[in-house]
Amino acid sequence: MRAPLPALLRLVPLAAAALAAGCDDKTQGLDAGPTDAGPPVLSEKEPNDGPEKALVIDRTSLVEANLSADPARPDEDWYVFKSGIPKTVELEVSCPPGADVGLDLVDETRTVLASINAGGVGQPEKLPNLDVSGRVFVRVVAVKKGTGGAYTLSAKFRERVPGFELEPNDRRVDATPVPMGQAVSGFVAHGADQDWFRYELPTAVTEPDAGSQALDDAGALDSGAAAIDAGPPSADAGATRDAGPAPEPRMALRVDISGVEGVALDVQVLTEAEAVLFSARSREGQGLSLRNVGARASDRVLYVVVRSLPTGAGKELKKGANTQTYYTLTVAPEEKAESAELEPNDDASKATELRGSGWREGFISPRGDVDYYRLVTDGPSLAKVQVSGVEKVDLMLSVVRPVEGKPEEVVLRANEGGVKEPELLNDVSCDGSCLIRVEAAPRKIDGKWVKDDENGDQPYRLSVAVVPDDGSEEREPNNSAQTATPVAFGRPIRGTVYPKRDVDYFQLDLRTRPVKTALVATLLGVLKVDVGLYLHRVEADGKLTLVATSDGAKGEKAEVIRFAAEPGLYVLEVRDTKNREANFQDSYQLTVEESSD
């Protein structure tokens, strides 16, 4: 029986191949094509203890080398990396058992550009992104004399990846240039690694001037509380005061950096002279969002430096590193720079300035951020100050006074609301300038008071309405006899019971009266709060003696005190009788008159 023709045709070449093999004395195998033998293996050759004797590496290679255990001095091996076009090299050096090796990136003058010694005894050293644009020298050195042994050097040449740092960039002169607004990535490759990035600022830097903006246009003071009525300006406000020179124009920048596992980041913004403009630290594995970082108009160039912070304690204290996970850094102008706070403003000497009525927007970021503002007025004035609420943060609003050599004194504070709720201070006395502080309110976690709330995405708005002090309203703070607001016969004065437990004192001076004065003090109440009126005499030692009381009415009903006062100094006290209510919107009115009875 015959096989089919196609099957026979398939057998012909096989038979021919078999015959050919039988006629040849040499055994022949099938050609599988070129095999991948891996990178070329090079051998270090001594002497190579200087740049002029360095082993040349111009492609992906593996070097088998040896550090001699010289008891007189540590051995060192030099390598020079070359490339016709810019490349990035992933470099790794193994470590001889029991030894410790370090890597130095060196120029032809033997100037060390960067040093790497993160692995420790028996551990390799790595650098994932060495910039090779021409010639680069690498020195491998035994950290201690008398130690050494065989090691391997692996160099993987890769195409340049746009948007990545270029090592070495541990110095200002070697900083990686980055356009403003463009993201750049990098590695914290070892504990001593410092990544410098250079940014050129826009040529036009405008001064944020929110002090002259209308509150109505800004929508200020409308975050859950009634709008502040600034009232008409008074002609009896006293002489105008020189508020001093305006601050240097600055612009606001946003700095965002992603986190790296195992690394706590330290981020600094520096001037060209390497002066620190702003710095912030992250927790291990977490990034940072820095808002409204103030750049001066005179700073045409800024540098951002990224490095690792030590973590742990005792013997476990060390700087983290990660050659597998990179961070991404972005520096860009803020969208609302004209109304922004200007960081750093975390102490009184760096306060962001507000001139008269206006508003600023700021961020509580990073954790623990505190923002100071300096309100500048033309003379004796009253300010109504409000900070809007934001998500995730319980804000606290304070007026503070610096005390030389001591912590600053808090003269007024509002912490009535919670997360997302606004805070308000009424009738703040400001004669020339005063300091306002915005921060996260402390909260108790695991028995400890902390202030770690933050929100780098949503700004708060600090709004200020300033009116001349014409004597018709209380002057906060006035919660003691020493700070009491003066009151005159026949001239009504207004005030608010806010925040809760607010106490207002008003001073009535009868020391020049030759005889008793019959007086009538009338207090018109407000909704929600049961106000009480109390008359005290100020004794020679400054202590108060209560001489008359009226606190039996409710709500809006009037409180009245009638009293024949001997010559002397008196204060009238207004407060909530239950010490638990407040009303920021409605004002009480106090009037003191002489009685003919």
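What you see is a predicted model; the values in this text were computed from it and never measured.

Conventions used here
- Residues numbered from 1 in each chain as written.
- Predicted model: local features only at pLDDT ≥ 70, side-chain atom pairs only at ≥ 80, totals over all residues.
- Heavy atoms only, no water.
- Helix = DSSP H or I, 4+ residues; strand = E, 2+ residues; numbered from the N terminus.
- Buried < 20%, exposed > 50% of the residue type's maximum accessible area, 1.4 Å probe, protein only.
- Contact = heavy atoms within 4.5 Å.
- Areas by Shrake-Rupley, 256 points an atom, 1.4 Å probe, with all protein chains shown as cover.
- Salt bridge = Lys/Arg side-chain N within 4 Å of Asp/Glu carboxyl O.
- Phe/Tyr/Trp six-rings, centres within 6.5 Å; stacked < 30°, edge-to-face > 60°.
- Pairing = 2+ DSSP bridges.
- Axes fitted to C-alpha atoms, helices over the stretch in contact; angles between N-to-C directions.
- Core = buried A, V, L, I, M, F, W, Y, C linked by side-chain atoms within 4.5 Å.
- Polar contact = N/O pair within 3.5 Å; in protein donor to acceptor, adjacent residues only side chain to side chain.
- pLDDT = per-residue confidence, 0-100.

*Asks:* Explain the overall build of the chain residue by residue, including any values.
*Replies:* When its secondary structure is counted, the chain shows 2 helices and 38 strands. A total of 597 residues make up the chain; the buried ones form 47% of that total. Across the chain, contacts joining residues at least 24 apart in sequence account for 74% of those joining residues at least 6 apart. Accessible area of the chain: about 29600 Å², with a carbon and sulfur share of 50%.

*Asks:* I'd like a rundown of the pattern of salt bridges, residues and numbers included.
*Replies:* Throughout the structure, instances matching the rule amount to 33 salt bridges. In this structure, the salt-bridge partner of Glu274 is Arg172, at a minimum N-O distance of 3.3 Å. Taken together, the residues span a long stretch of sequence, with Glu274 in the loop between strand 15 (264–270) and strand 16 (276–281) and Arg172 in the loop between strand 10 (149–159) and strand 11 (176–177) at a distance of 102 residues. Residue Glu274 is classed as partly exposed on the basis of its relative accessible area, which comes to 41%.

*Asks:* Help me get a handle on the packing of aromatic side chains, residues and values and all.
*Replies:* Describing an aromatic ring pair means giving the distance of the ring centres and the angle of the ring planes. Considering all chains together, one arrives at 8 aromatic pairs under this definition. Where Trp78 meets Phe137, the ring centres are 6.2 Å apart and the plane angle is 65°; that geometry is what we call edge-to-face. In this pair, Trp78 is assigned in strand 4 (residues 76–82) and Phe137 in strand 9 (residues 135–142), connecting sequence segments 59 residues apart. Here Phe164 and Tyr326 contribute two aromatic rings whose centre-to-centre distance is 5.0 Å and whose plane-to-plane angle is 75°, an arrangement assigned as edge-to-face.

*Asks:* So what about the sheet that holds strand 12 (residues 184–188)? Which residues, and what values?
*Replies:* Taking strand neighbours across the sheet as the criterion, the 4 strands line up as 12-20-14-17 in an open arrangement whose pairing is antiparallel. Each of the sheet's edge strands pairs with one partner strand only, and the pair in question is strand 12 and strand 17 (288–296). The sheet shows a mean angle of 30° between the axes of neighbouring strands, taken without regard to direction. Pairing analysis gives 4 bridges linking strand 12 to strand 20 (residues 322–333), with the strands arranged antiparallel. Bridging from a neighbouring strand, Ser185 pairs with Thr328 of strand 20.

*Asks:* Could you give me a rundown of the nonpolar core, with the residues and numbers involved?
*Replies:* Grouped together as the largest cluster of nonpolar side chains are 30 residues, with contacts concentrated most on Tyr79, Phe81, Leu130 and Leu153. Residue contacts for Tyr79: discarding those within four places in its chain leaves Glu44, Ala54, Leu55, Ile57, Val63, Ala65, Val136, Phe137, Val138, Val140, Tyr151 and Leu153. Counting residues in each nonpolar core, the second largest holds 28 residues, with Val178, Val188, Leu253 and Val304 among its members.

*Asks:* Any details on the sheet that holds strand 6 (residues 101–106)? Residues and values, ideally.
*Replies:* Sheets are built from strands paired through backbone hydrogen bonds, the pairs being either parallel or antiparallel. In spatial order, the strands read 2-4-9-6-7; together these 5 strands make up an open sheet with mixed pairing. On the outer flanks of this sheet lie strand 2 (55–57) and strand 7 (112–116), each paired with one strand and no other. Each adjacent strand pair in this sheet contributes to an overall mean axis angle of 25°, direction not counted. Of the pairings in the sheet, the one linking strand 4 to strand 9 comprises 7 bridges and is antiparallel in character. Bridge pairing in strand 9 links Glu76 to Val141.

*Asks:* I'd love a proper account of unusual backbone geometry, names of residues and values included.
*Replies:* Of the consecutive residues Glu343 and Pro344, the connecting peptide bond is found in the cis state with omega at 0°. Along the chain, Ser365 connects to Pro366 via a cis peptide bond; the corresponding omega equals 0°. Position of Pro366 among the secondary structure elements: in the loop between strand 22 (358–364) and strand 23 (370–387). Despite not being glycine, Asn579 has its phi angle at roughly 60°, a positive value. Positionally, Asn579 belongs in the loop between strand 37 (569–576) and strand 38 (588–594).

*Asks:* Can you lay out the environment of Ser289 for me, pointing to particular residues and giving the numbers?
*Replies:* The topology assignment puts Ser289 in strand 17. Each C-alpha atom, one on Ser289 and one on Val255, is 6.0 Å from the other, the two residues being 34 residues apart in sequence. Every residue in contact with Ser289, bar those within four places of it in the chain, is listed here: Arg254, Val255, Asp256, Ser365, Pro366 and Gly456. Of note is the side chain of Ser289, whose polar atom sits 2.7 Å from the side chain of Asp256.

*Asks:* Explain the confidence of the model for the chain residue by residue, including any values.
*Replies:* Chain-level pLDDT for the chain is 86 on average; 86% of the residues reach the 70-or-more range. Long-range and interchain partners of residues 1–30, a stretch whose pLDDT sits below 50, account for 1 contact in this model, where long-range means more than four residues apart. In this model, residues 210–241 is a region of pLDDT below 50 whose contacts with residues beyond four sequence positions or in other chains number 65 contacts.

*Asks:* Run through the environment of Arg413, naming residues and quoting values.
*Replies:* Relative to the helices and strands, Arg413 resides in strand 25 (residues 406–414). The spacing of Arg413 and Arg437 is 24 residues in sequence and 9.3 Å in space, taken between C-alpha atoms. If we skip the residues at most four places from it in the chain, Arg413 touches Met396, Leu397, Ser398, Leu425, Arg437 and Pro499. For Arg413, the side chain forms a polar contact with the side chain of Ser398, separated by 3.3 Å.

*Asks:* An account of the side chain of Gln268 is requested, with residue identities and associated values reported.
*Replies:* Among the structural elements, Gln268 can be located in strand 15. Gln268 gets classed as buried once you look at its relative accessible area, which sits at 15%. If we skip the residues at most four places from it in the chain, Gln268 touches Val276, Phe278, Ser279, Tyr303, Val304, Val305 and Arg307.

*Asks:* How would you sum up the side chain of Ser365? Please name residues and give values.
*Replies:* The residue Ser365 is located in the loop between strand 22 and strand 23 in this model. In terms of polar contacts, Ser365 uses its side chain to reach the backbone carbonyl oxygen of Ser289, at 2.5 Å. Sequence-distant contacts of Ser365, that is, excluding residues within four places in its chain, are made with Ser289, Glu454, Asn455 and Gly456.

*Asks:* Outline the environment of Leu91, supporting the account with residue identities and numerical values.
*Replies:* Tracing the sequence through the fold places Leu91 in strand 5 (residues 87–93). In sequence terms Leu91 and Lys126 are 35 residues apart; their C-alpha atoms lie 5.8 Å from each other. Residues contacting Leu91, with those up to four places away along its chain left out, are Phe81, Leu103, Glu125, Lys126, Leu127, Val138, Leu153 and Ser154.

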